Amino acid sequence: MANNFTKGTPRIPEPTLRRLPWYLAFVKLLKGEGEAFVSSTQIAKEISVDASQVAKDLSFVNVSGKTRVGYEINTLINVLEKFLGFTAQHKAFLFGVGSLGGSLLQDSGLKQYGLEIVAGFDVRKELAGKKINGIPVYHMSEFPKKQKELDVIIGVITVPVEKAQEVTEQIIDGGIKALWNFTPFRIRVPEGIVVQNTSMYAHLAVMFNRLNSIEHK
């Protein structure tokens, strides 16, 4: 069974972790507009949550606001970025250089949020030796060698669904400790391995369901 947190890390509620980047994005916009302070009420209105929830979420990051003034924006940005891990660079390997994997290699924005994909791996020999957005692509057989060279512990999985579990086991055996899984398959991992599942298809199903409900009211 997967662990969501490493030993010694406080157990922050996952909904809170999902909201904090939204808060960060909003206060960055305010900073760009020349604002110096922001209230929990302002954040709540923008993100569509209760102001009390915003205050509770921010209590996890040890930042406090001033009465009738709110939070100092520069401080809040710095604290949130550090807490979320966006200020440090985390190297990652990407497995499965198909359409989705290739798009992620092209996404330079990931580096701004602390994730630097340093290599891609695929079983197709014709992709070996190529570069996408300056990032080298290797045959999957090169993974153990590159892992020893670069000591990467984060893996981004964008392989076909039928290969998801097989690749997961292979890269964990090779030293990967955290997995960002973009496949719709719920991969199984040993105790001590961190997994974040990001299924676009699941979110698509939710959107379709909500749209269908609106259309049939």
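Keep in mind it's a predicted model, so treat the numbers as computed, not measured.

S.K.: Pulling in residues and values, what's your account of the overall build of the protein?
M.R.: Each helix and strand in the protein was counted, giving nine helices and nine strands. Principal axes of the C-alpha set define a box for the protein whose edges measure 60 × 50 × 35 Å. Residues counted as buried form 38% of the 217 residues belonging to the protein. The long-range share in the protein, meaning contacts at least 24 apart out of those at least 6 apart in sequence, stands at 58%. A total accessible area of about 13300 Å² is found for the protein, and carbon and sulfur atoms account for 54% of it. Treating the 26 positive side-chain charges of the protein as one cloud and the 21 negative ones as another, the clouds have centres 3 Å apart.

S.K.: Provide a residue-level description of the sheet that holds strand β6 (residues 135-139), including the pertinent values.
M.R.: Across the sheet, which stays open at both edges, the seven strands sit in the order β5-β6-β4-β3-β7-β8-β9 with mixed pairing between neighbours. Where the open sheet ends on each side, the last strands, each with one partner, are β5 (131-132) and β9 (194-197). As defined by bridge partners, strand β3 (residues 90-95) adjoins strand β4 (residues 115-122) across six bridges and the pair is classed as parallel. Its bridge partner lying in β4, F93 is registered against A119. Sheet strands in contact with helix α8 (residues 164-173) are β3, β7 (154-157) and β8 (178-181), and its direction is about 155 degrees off that of β8.

S.K.: Describe the side chain of D122, and please don't skip the residues or the numbers.
M.R.: Relative to the elements of secondary structure, D122 occurs in strand β4. Leaving out residues up to four positions away in the same chain, D122 has contacts with G96, V97, G98, L127, Y138, H139 and M140.

S.K.: Quick rundown of the packing of aromatic side chains? Include the residues and the values.
M.R.: Given two aromatic rings, one states the distance between the centres and the angle between the planes to describe the pair. For the coordinates displayed, the defined rule picks out nine aromatic pairs. Plain terms: the ring middles of F93 and F121 are 4.9 Å apart, the flat faces sit at 75 degrees to each other, and that makes the pair edge-to-face. Taken together, the positions of F93 in strand β3 and F121 in strand β4 put the pair 28 residues apart, joining distant regions of the chain. For F93, a relative accessible area of 0% corresponds to the buried category. Each ring, one from F95 and one from F121, has its centre 5.4 Å from the other, and the planes form 15 degrees; the classification is stacked. Note that F95 is positioned in strand β3 and F121 in strand β4, a separation of 26 residues in sequence. Residue class for F95 comes out buried when judged on its relative accessible area of 1%. Among the aromatic residues, those joined into a ring-pair cluster are F93, F95, F121, Y138 and F143.

S.K.: Which residues make up the side chain of T168, and what values do they have?
M.R.: In this fold, T168 is placed in helix α8. Classification of T168 as buried rests on a relative accessible area of 0%. Not counting residues within four places of it along the chain, the set of residues in contact with T168 comprises I157, L179, I187, R188 and V189.

S.K.: So what's going on with unusual backbone geometry? Residues and values would help.
M.R.: Located in the positive-phi region is S48, a residue other than glycine, with phi close to 65 degrees. Here S48 shows up in the loop between α2 (40-47) and α3 (51-59). Even without being glycine, D151 reaches a positive phi, approximately 55 degrees. The residue D151 is located in the loop between α7 (143-150) and β7 in this model. Judged by relative accessible area, which is 60%, D151 ranks as exposed.

S.K.: Report on the confidence of the model for the protein, specifying residues and quantitative values.
M.R.: Model confidence for the protein is summarised by a mean pLDDT of 91, while 95% of its residues fall at 70 or above. Scored below 50 in pLDDT, residues 1-9 makes 19 contacts in the model with residues more than four places away or belonging to other chains.

S.K.: Pulling in residues and values, what's your account of a nonpolar patch on the surface?
M.R.: A cluster of nonpolar residues, L204, M207 and F208, forms a patch on the protein surface that exposes about 290 Å² of accessible area. You can see F208 is positioned in helix α9 (residues 200-215). Judged by relative accessible area, which is 47%, F208 ranks as partly exposed.

S.K.: Outline the nonpolar core, supporting the account with residue identities and numerical values.
M.R.: Core analysis: the biggest nonpolar cluster contains 21 residues, and Y23, V38, I43, L58, L76 and L80 have the highest contact counts within it. Where this core is concerned, the elements lending two or more residues are α1 (14-32), α2, α3 and α4 (73-84). Examining the composition of this core, we find that six residues originate from one element, α1, more than from any other. In this view, I43 contacts Y23, F26, V27, V38, V54 and L76; residues no more than four positions away in its chain are not counted. In this structure, F93, V118, F143 and I157 belong to the second largest nonpolar core, which totals 20 residues.

Conventions adopted
- Residues numbered from 1 in each chain as written.
- Predicted model: local features only at pLDDT ≥ 70, side-chain atom pairs only at ≥ 80, totals over all residues.
- Heavy atoms only, no water.
- Helix = DSSP H or I, 4+ residues; strand = E, 2+ residues; numbered from the N terminus.
- Buried < 20%, exposed > 50% of the residue type's maximum accessible area, 1.4 Å probe, protein only.
- Contact = heavy atoms within 4.5 Å.
- Areas by Shrake-Rupley, 256 points an atom, 1.4 Å probe, with all protein chains shown as cover.
- Lys, Arg positive; Asp, Glu negative; His and termini not counted.
- Charge placed at Lys NZ, Arg CZ, Asp CG, Glu CD.
- Pairing = 2+ DSSP bridges.
- Axes fitted to C-alpha atoms, helices over the stretch in contact; angles between N-to-C directions.
- Phe/Tyr/Trp six-rings, centres within 6.5 Å; stacked < 30°, edge-to-face > 60°.
- pLDDT = per-residue confidence, 0-100.
- Patch = residues over 30% accessible without salt bridge, like charges linked within 9 Å, V, L, I, M, F, W, Y side chains within 5 Å.
- Salt bridge = Lys/Arg side-chain N within 4 Å of Asp/Glu carboxyl O.
- Core = buried A, V, L, I, M, F, W, Y, C linked by side-chain atoms within 4.5 Å.

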